[in-house]
Amino acid sequence: MAGEAAVKVPYREKRPFDYSQYIRKGKLPHIWCAGCGHGIVLKSLLRAIHASGLSKDEICMVSGIGCSSRTPGYVDFNTLHTLHGRAIAYATGVKLAKPNLKVFVATGDGDALAIGGNHFIHACRRNIDMVILVYNNYIYGMTSGQASPTTPQGMVATTSRYGHIDPPFDTCEMAKAAGATFVARGTAYHCQELEKIFYEAIHHKGTAVIDILDSCPTYYGRLNKMKSASEMMLKVEKDGTVPVAQAAKLPPEKLEGKKLRGILYRAERPEYCEEYFKLIERVHG
Amino acid sequence: MNEKETVKEVATKPPREKKKWNIVIYEELCKGCSICVDFCPTDVLTMKGDVVAVKALERCTGCQLCDLRCPDFAIQVFPE
(Lines give C-alpha, C1' and ligand atoms only; values in the text may rest on other atoms or scores of the structure.)
Protein backbone atom coordinates (compact mmCIF):
# COMPACT_ATOMS: atom_id res chain seq x y z
CA MET A 1 0.00 0.00 0.00
CA ALA A 2 1.07 3.57 -0.53
CA GLY A 3 3.28 5.13 2.10
CA GLU A 4 4.08 1.97 4.03
CA ALA A 5 7.47 1.45 5.67
CA ALA A 6 10.13 0.57 3.12
CA VAL A 7 12.03 -2.72 3.10
CA LYS A 8 15.46 -2.00 4.48
CA VAL A 9 18.29 -2.23 1.98
CA PRO A 10 21.06 -4.38 3.52
CA TYR A 11 23.70 -2.34 5.27
CA ARG A 12 26.22 -0.87 2.90
CA GLU A 13 29.68 -0.03 4.15
CA LYS A 14 30.58 3.62 4.16
CA ARG A 15 33.09 3.24 1.38
CA PRO A 16 32.72 3.62 -2.35
CA PHE A 17 30.84 1.03 -4.32
CA ASP A 18 32.85 -0.80 -6.97
CA TYR A 19 30.83 -0.20 -10.14
CA SER A 20 33.43 -1.80 -12.38
CA GLN A 21 32.16 -5.28 -11.47
CA TYR A 22 28.94 -4.56 -13.40
CA ILE A 23 30.25 -2.33 -16.18
CA ARG A 24 31.58 -3.73 -19.45
CA LYS A 25 35.28 -3.10 -19.88
CA GLY A 26 36.27 -0.19 -22.07
CA LYS A 27 32.73 1.16 -22.42
CA LEU A 28 33.22 4.28 -20.32
CA PRO A 29 32.95 7.24 -20.74
CA HIS A 30 29.33 6.80 -21.78
CA ILE A 31 27.59 8.79 -24.53
CA TRP A 32 25.24 10.71 -22.23
CA CYS A 33 25.78 14.47 -22.11
CA ALA A 34 27.41 16.30 -19.20
CA GLY A 35 24.85 16.53 -16.39
CA CYS A 36 22.43 13.96 -17.82
CA GLY A 37 20.61 12.14 -15.03
CA HIS A 38 20.69 8.74 -16.70
CA GLY A 39 24.12 7.95 -15.27
CA ILE A 40 22.90 8.60 -11.72
CA VAL A 41 19.92 6.30 -12.29
CA LEU A 42 22.19 3.58 -13.68
CA LYS A 43 24.45 3.80 -10.64
CA SER A 44 21.49 3.54 -8.26
CA LEU A 45 20.26 0.50 -10.19
CA LEU A 46 23.65 -1.22 -9.99
CA ARG A 47 23.81 -0.68 -6.22
CA ALA A 48 20.28 -2.05 -5.79
CA ILE A 49 21.11 -5.11 -7.90
CA HIS A 50 24.25 -5.69 -5.85
CA ALA A 51 22.26 -5.42 -2.60
CA SER A 52 19.64 -7.87 -3.86
CA GLY A 53 22.33 -10.49 -4.44
CA LEU A 54 21.32 -11.36 -8.02
CA SER A 55 24.15 -12.76 -10.10
CA LYS A 56 24.97 -11.21 -13.46
CA ASP A 57 23.73 -14.27 -15.35
CA GLU A 58 20.32 -14.12 -13.69
CA ILE A 59 19.56 -10.70 -15.14
CA CYS A 60 18.38 -9.68 -18.59
CA MET A 61 18.16 -6.04 -19.52
CA VAL A 62 16.09 -5.07 -22.54
CA SER A 63 15.81 -1.62 -24.10
CA GLY A 64 14.32 0.15 -27.09
CA ILE A 65 15.65 3.28 -28.75
CA GLY A 66 16.59 6.57 -27.15
CA CYS A 67 19.16 8.00 -24.75
CA SER A 68 17.94 5.86 -21.86
CA SER A 69 17.97 2.78 -24.05
CA ARG A 70 21.76 2.95 -24.30
CA THR A 71 21.90 1.61 -20.73
CA PRO A 72 22.22 -2.11 -21.63
CA GLY A 73 25.30 -1.34 -23.70
CA TYR A 74 27.26 -0.50 -20.58
CA VAL A 75 26.14 -3.19 -18.15
CA ASP A 76 27.61 -6.67 -18.02
CA PHE A 77 24.33 -8.64 -17.89
CA ASN A 78 22.42 -10.50 -20.60
CA THR A 79 21.32 -7.56 -22.72
CA LEU A 80 19.07 -6.88 -25.66
CA HIS A 81 18.81 -3.62 -27.62
CA THR A 82 15.64 -3.72 -29.69
CA LEU A 83 13.28 -1.72 -31.89
CA HIS A 84 11.87 1.65 -30.95
CA GLY A 85 9.07 1.22 -28.42
CA ARG A 86 9.12 -2.58 -28.60
CA ALA A 87 11.38 -3.27 -25.62
CA ILE A 88 8.50 -4.50 -23.46
CA ALA A 89 7.29 -6.85 -26.20
CA TYR A 90 10.76 -8.42 -26.46
CA ALA A 91 11.04 -8.56 -22.68
CA THR A 92 7.73 -10.45 -22.49
CA GLY A 93 9.17 -13.02 -24.89
CA VAL A 94 12.39 -13.31 -22.90
CA LYS A 95 10.50 -13.78 -19.66
CA LEU A 96 8.20 -16.48 -21.07
CA ALA A 97 11.09 -18.38 -22.63
CA LYS A 98 13.37 -18.07 -19.59
CA PRO A 99 11.14 -17.48 -16.56
CA ASN A 100 14.05 -17.78 -14.13
CA LEU A 101 15.65 -14.58 -15.46
CA LYS A 102 14.98 -11.25 -13.77
CA VAL A 103 14.00 -8.95 -16.61
CA PHE A 104 14.62 -5.21 -16.54
CA VAL A 105 13.33 -2.88 -19.23
CA ALA A 106 15.22 0.40 -19.61
CA THR A 107 13.04 2.75 -21.60
CA GLY A 108 12.46 6.46 -21.97
CA ASP A 109 9.30 8.52 -21.72
CA GLY A 110 8.83 8.65 -25.49
CA ASP A 111 9.83 5.04 -26.02
CA ALA A 112 7.47 3.67 -23.35
CA LEU A 113 4.51 6.00 -23.57
CA ALA A 114 4.31 7.20 -27.18
CA ILE A 115 5.85 4.70 -29.58
CA GLY A 116 5.45 1.75 -27.21
CA GLY A 117 2.31 2.94 -25.42
CA ASN A 118 0.31 -0.17 -26.28
CA HIS A 119 3.02 -2.58 -25.22
CA PHE A 120 3.34 -0.68 -21.97
CA ILE A 121 -0.32 -0.87 -20.95
CA HIS A 122 -0.67 -4.49 -21.99
CA ALA A 123 2.39 -5.60 -20.02
CA CYS A 124 0.82 -3.88 -17.00
CA ARG A 125 -2.51 -5.60 -17.70
CA ARG A 126 -0.91 -9.06 -17.85
CA ASN A 127 1.09 -8.44 -14.71
CA ILE A 128 4.12 -10.21 -16.14
CA ASP A 129 7.11 -10.23 -13.81
CA MET A 130 9.46 -7.49 -14.98
CA VAL A 131 10.82 -4.17 -13.80
CA ILE A 132 10.04 -1.33 -16.20
CA LEU A 133 12.25 1.71 -15.66
CA VAL A 134 10.80 4.76 -17.38
CA TYR A 135 13.57 7.37 -17.57
CA ASN A 136 11.40 10.43 -17.73
CA ASN A 137 13.30 13.53 -18.85
CA TYR A 138 10.24 15.21 -20.44
CA ILE A 139 11.74 15.32 -23.90
CA TYR A 140 13.12 13.29 -26.81
CA GLY A 141 16.79 13.91 -26.07
CA MET A 142 18.41 11.78 -28.76
CA THR A 143 16.61 13.45 -31.68
CA SER A 144 17.27 17.02 -30.45
CA GLY A 145 14.45 17.84 -28.07
CA GLN A 146 10.99 17.26 -29.51
CA ALA A 147 8.05 17.30 -27.10
CA SER A 148 7.24 13.91 -25.58
CA PRO A 149 3.99 12.64 -24.00
CA THR A 150 5.21 13.77 -20.58
CA THR A 151 6.31 17.32 -21.48
CA PRO A 152 4.42 19.57 -19.03
CA GLN A 153 2.05 22.21 -20.40
CA GLY A 154 3.64 25.58 -21.05
CA MET A 155 7.17 24.24 -21.39
CA VAL A 156 9.23 24.80 -24.52
CA ALA A 157 10.48 22.02 -26.78
CA THR A 158 11.92 22.13 -30.31
CA THR A 159 8.51 21.25 -31.72
CA SER A 160 6.61 23.66 -29.48
CA ARG A 161 8.58 26.90 -29.50
CA TYR A 162 5.77 28.99 -27.98
CA GLY A 163 4.90 26.61 -25.15
CA HIS A 164 3.49 23.10 -25.17
CA ILE A 165 -0.32 22.94 -25.07
CA ASP A 166 -0.89 19.17 -24.81
CA PRO A 167 -1.78 17.87 -21.36
CA PRO A 168 0.90 15.36 -20.26
CA PHE A 169 0.54 11.72 -19.24
CA ASP A 170 0.96 10.74 -15.62
CA THR A 171 3.02 7.55 -15.99
CA CYS A 172 2.18 6.26 -12.53
CA GLU A 173 -1.58 6.79 -12.81
CA MET A 174 -1.60 5.14 -16.20
CA ALA A 175 0.39 2.12 -15.01
CA LYS A 176 -1.89 1.74 -12.00
CA ALA A 177 -5.04 2.00 -14.11
CA ALA A 178 -3.65 -0.51 -16.61
CA GLY A 179 -3.07 -3.03 -13.82
CA ALA A 180 0.60 -2.84 -12.76
CA THR A 181 1.03 -4.18 -9.23
CA PHE A 182 4.00 -2.06 -8.17
CA VAL A 183 4.01 1.61 -9.10
CA ALA A 184 6.62 4.03 -7.84
CA ARG A 185 8.25 7.33 -8.69
CA GLY A 186 11.80 8.35 -7.92
CA THR A 187 14.19 11.06 -9.04
CA ALA A 188 17.85 11.19 -9.93
CA TYR A 189 18.37 13.86 -7.24
CA HIS A 190 17.09 11.51 -4.50
CA CYS A 191 19.41 8.74 -5.64
CA GLN A 192 19.51 6.81 -2.37
CA GLU A 193 15.73 6.76 -2.18
CA LEU A 194 15.70 5.57 -5.78
CA GLU A 195 18.06 2.74 -4.84
CA LYS A 196 15.57 1.56 -2.18
CA ILE A 197 12.70 1.73 -4.68
CA PHE A 198 14.71 -0.39 -7.14
CA TYR A 199 15.52 -2.86 -4.39
CA GLU A 200 11.85 -3.31 -3.55
CA ALA A 201 10.86 -3.49 -7.22
CA ILE A 202 13.38 -6.31 -7.75
CA HIS A 203 11.75 -8.28 -4.93
CA HIS A 204 8.23 -7.69 -6.24
CA LYS A 205 6.49 -10.47 -8.17
CA GLY A 206 4.59 -8.88 -11.04
CA THR A 207 4.94 -5.80 -13.23
CA ALA A 208 6.83 -3.04 -11.45
CA VAL A 209 6.74 0.38 -13.11
CA ILE A 210 9.09 3.08 -11.87
CA ASP A 211 8.75 6.59 -13.22
CA ILE A 212 12.20 8.14 -12.79
CA LEU A 213 12.37 11.92 -13.13
CA ASP A 214 15.75 12.98 -14.41
CA SER A 215 17.17 15.87 -16.30
CA CYS A 216 18.14 16.66 -19.87
CA PRO A 217 20.22 19.84 -19.49
CA THR A 218 21.22 19.84 -23.14
CA TYR A 219 17.73 20.29 -24.59
CA TYR A 220 15.03 20.58 -21.95
CA GLY A 221 17.19 22.71 -19.68
CA ARG A 222 18.55 24.97 -22.38
CA LEU A 223 15.14 25.59 -23.98
CA ASN A 224 13.47 26.27 -20.64
CA LYS A 225 16.08 28.67 -19.26
CA MET A 226 17.62 26.42 -16.66
CA LYS A 227 21.31 27.18 -16.72
CA SER A 228 22.91 24.05 -15.30
CA ALA A 229 22.26 20.42 -14.49
CA SER A 230 22.25 21.21 -10.77
CA GLU A 231 19.65 23.94 -11.23
CA MET A 232 17.45 21.49 -13.13
CA MET A 233 17.84 18.88 -10.43
CA LEU A 234 16.81 21.39 -7.78
CA LYS A 235 13.89 22.87 -9.69
CA VAL A 236 12.39 19.81 -11.35
CA GLU A 237 13.37 16.97 -9.08
CA LYS A 238 13.74 18.44 -5.59
CA ASP A 239 11.16 21.25 -5.57
CA GLY A 240 8.82 19.53 -8.02
CA THR A 241 8.20 16.44 -5.91
CA VAL A 242 6.82 15.59 -2.46
CA PRO A 243 7.37 12.27 -0.63
CA VAL A 244 4.17 10.27 -0.55
CA ALA A 245 4.22 9.91 3.25
CA GLN A 246 4.47 13.68 3.70
CA ALA A 247 1.80 14.48 1.10
CA ALA A 248 -1.06 13.25 3.32
CA LYS A 249 -0.25 15.91 5.93
CA LEU A 250 0.15 18.85 3.56
CA PRO A 251 -2.72 21.16 2.59
CA PRO A 252 -3.90 20.73 -1.03
CA GLU A 253 -2.62 24.15 -2.15
CA LYS A 254 0.94 23.13 -1.28
CA LEU A 255 0.65 20.02 -3.43
CA GLU A 256 -0.40 21.93 -6.52
CA GLY A 257 1.87 21.23 -9.47
CA LYS A 258 3.96 18.76 -7.49
CA LYS A 259 4.43 15.09 -8.13
CA LEU A 260 4.37 12.42 -5.47
CA ARG A 261 7.46 10.30 -5.10
CA GLY A 262 7.99 6.99 -3.34
CA ILE A 263 6.03 3.77 -3.67
CA LEU A 264 2.59 4.89 -4.79
CA TYR A 265 0.80 1.58 -5.17
CA ARG A 266 1.43 -2.06 -4.44
CA ALA A 267 -0.94 -5.00 -4.86
CA GLU A 268 -0.96 -8.78 -5.13
CA ARG A 269 -2.32 -10.39 -8.28
CA PRO A 270 -1.56 -13.67 -10.11
CA GLU A 271 1.62 -13.36 -12.17
CA TYR A 272 1.37 -14.11 -15.89
CA CYS A 273 4.24 -16.63 -16.27
CA GLU A 274 3.06 -18.68 -13.31
CA GLU A 275 -0.47 -18.78 -14.70
CA TYR A 276 0.87 -19.73 -18.12
CA PHE A 277 2.88 -22.68 -16.80
CA LYS A 278 -0.09 -23.80 -14.70
CA LEU A 279 -2.13 -23.82 -17.90
CA ILE A 280 0.48 -25.92 -19.73
CA GLU A 281 0.49 -28.41 -16.88
CA ARG A 282 -3.32 -28.61 -16.85
CA VAL A 283 -3.65 -29.09 -20.60
CA HIS A 284 -0.86 -31.68 -20.84
CA GLY A 285 -2.45 -33.53 -17.94
CA MET B 1 31.98 -2.70 34.39
CA ASN B 2 33.94 0.31 33.21
CA GLU B 3 34.26 3.12 35.61
CA LYS B 4 32.62 6.31 34.52
CA GLU B 5 34.97 9.02 33.29
CA THR B 6 35.00 12.11 35.42
CA VAL B 7 34.28 15.49 33.85
CA LYS B 8 37.94 16.43 34.28
CA GLU B 9 39.13 13.35 32.47
CA VAL B 10 36.82 13.99 29.56
CA ALA B 11 37.86 17.62 29.36
CA THR B 12 41.58 16.86 29.31
CA LYS B 13 41.32 14.07 26.73
CA PRO B 14 42.99 14.87 23.43
CA PRO B 15 40.44 15.59 20.70
CA ARG B 16 39.37 12.54 18.72
CA GLU B 17 41.30 12.22 15.53
CA LYS B 18 39.29 13.18 12.50
CA LYS B 19 38.85 10.48 9.93
CA LYS B 20 40.71 11.24 6.73
CA TRP B 21 39.40 10.76 3.24
CA ASN B 22 41.02 10.52 -0.11
CA ILE B 23 39.09 11.81 -3.13
CA VAL B 24 39.93 10.07 -6.39
CA ILE B 25 38.92 11.85 -9.59
CA TYR B 26 39.03 9.95 -12.86
CA GLU B 27 39.73 12.92 -15.13
CA GLU B 28 39.28 10.99 -18.37
CA LEU B 29 35.65 10.26 -17.33
CA CYS B 30 34.71 13.69 -15.97
CA LYS B 31 32.57 15.75 -18.34
CA GLY B 32 32.50 18.84 -16.12
CA CYS B 33 28.76 19.03 -15.33
CA SER B 34 29.62 20.45 -11.86
CA ILE B 35 26.86 18.51 -10.07
CA CYS B 36 29.34 17.33 -7.42
CA VAL B 37 30.65 20.87 -6.89
CA ASP B 38 27.16 22.34 -6.47
CA PHE B 39 25.84 19.66 -4.13
CA CYS B 40 28.92 19.17 -1.89
CA PRO B 41 27.65 20.09 1.61
CA THR B 42 31.08 21.24 2.84
CA ASP B 43 32.35 22.92 -0.33
CA VAL B 44 35.33 20.65 -0.88
CA LEU B 45 35.35 20.61 -4.68
CA THR B 46 35.86 23.20 -7.38
CA MET B 47 35.97 23.33 -11.17
CA LYS B 48 39.41 23.55 -12.71
CA GLY B 49 38.89 24.18 -16.39
CA ASP B 50 36.64 21.43 -17.71
CA VAL B 51 37.17 18.93 -14.92
CA VAL B 52 36.52 18.83 -11.21
CA ALA B 53 39.35 19.29 -8.71
CA VAL B 54 39.77 19.13 -4.94
CA LYS B 55 39.90 22.53 -3.24
CA ALA B 56 39.92 21.74 0.49
CA LEU B 57 40.31 18.07 1.32
CA GLU B 58 40.42 18.72 5.09
CA ARG B 59 36.73 19.70 5.01
CA CYS B 60 35.63 16.37 3.50
CA THR B 61 33.32 14.38 5.78
CA GLY B 62 33.15 11.29 3.58
CA CYS B 63 29.40 11.62 2.98
CA GLN B 64 29.85 10.19 -0.53
CA LEU B 65 27.22 12.49 -2.06
CA CYS B 66 29.57 13.47 -4.89
CA ASP B 67 30.05 9.80 -5.76
CA LEU B 68 26.31 9.03 -5.52
CA ARG B 69 25.28 11.95 -7.75
CA CYS B 70 28.09 11.77 -10.30
CA PRO B 71 26.51 10.64 -13.58
CA ASP B 72 29.87 9.81 -15.14
CA PHE B 73 31.46 7.38 -12.63
CA ALA B 74 34.22 10.00 -12.33
CA ILE B 75 34.65 10.59 -8.58
CA GLN B 76 34.97 8.31 -5.56
CA VAL B 77 35.84 8.92 -1.91
CA PHE B 78 38.03 6.32 -0.17
CA PRO B 79 38.78 6.20 3.55
CA GLU B 80 42.49 6.69 4.11
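Right above here is the structure, for reference.
Now for a look at the structure at hand. (Residues numbered from 1 in each chain as written. Chains lettered and ligands numbered in written order. Predicted model: local features only at pLDDT ≥ 70, side-chain atom pairs only at ≥ 80, totals over all residues. Heavy atoms only, no water.)

Remarks on the packing of helix 5 (residues 117–126) of chain A against helix 6 (residues 171–178) of chain A
Residue and element names in this part refer to chain A.
- Taken N-terminus to C-terminus, the directions of helix 5 and helix 6 make an angle of 50 degrees; their axes are 7 Å apart at the nearest point. The orientation of helix 5 relative to helix 6 falls into the category oblique. When helix 5 is examined against helix 6, the residues Phe-120, Ile-121, Cys-124 and Arg-125 are found in contact with a partner set consisting of Thr-171, Met-174, Ala-175 and Ala-178.
- Counted by class, the contact of helix 5 with helix 6 contains six nonpolar, one polar and one charged residues. (Axes fitted to C-alpha atoms, helices over the stretch in contact; angles between N-to-C directions. Helix = DSSP H or I, 4+ residues; strand = E, 2+ residues; numbered from the N terminus. Parallel < 35°, antiparallel > 145°, perpendicular 65-115°, else oblique. Contact = heavy atoms within 4.5 Å. Nonpolar A, V, L, I, M, F, W, Y, C, P; charged D, E, K, R; others polar.)

As for the pattern of salt bridges
Residues and elements named next belong to chain A.
- One pass over the full model with this rule turns up 14 salt bridges over all chains.
- With a shortest N-O distance of 2.8 Å, Glu-195 and Arg-47 are connected by a salt bridge. Of this pair, Glu-195 sits in helix 7 (residues 191–202) while Arg-47 sits in helix 1 (residues 38–52), placing them 148 residues apart in sequence. Like Arg-47, Glu-195 is buried.
- Lys-102 is the partner of Asp-129 in a salt bridge, and the nearest nitrogen-oxygen pair spans 3.5 Å. Separated by 27 residues along the polypeptide, Asp-129 in the loop between helix 5 and strand 4 (130–136) and Lys-102 in strand 3 (residues 102–108) bring together distant segments of the chain.
- Residues joined in a network through salt bridges with shared partners are Lys-95, Lys-102, Asp-129 and Lys-205. (Salt bridge = Lys/Arg side-chain N within 4 Å of Asp/Glu carboxyl O. Buried < 20%, exposed > 50% of the residue type's maximum accessible area, 1.4 Å probe, protein only.)

Focus: the pairing of strand 1 (residues 59–63) of chain A
Residue and element names in this part refer to chain A.
- Among the five residues in strand 1, five count as buried, and that is most of the element.
- Pairing analysis gives five bridges linking strand 1 to strand 3, with the strands arranged parallel. Paired with Cys-60 across the two strands is Val-103, which belongs to strand 3.
- Pairing analysis gives four bridges linking strand 1 to strand 2 (residues 78–81), with the strands arranged parallel. The residue of strand 2 that forms the bridge with Val-62 is Leu-80. (Pairing = 2+ DSSP bridges.)

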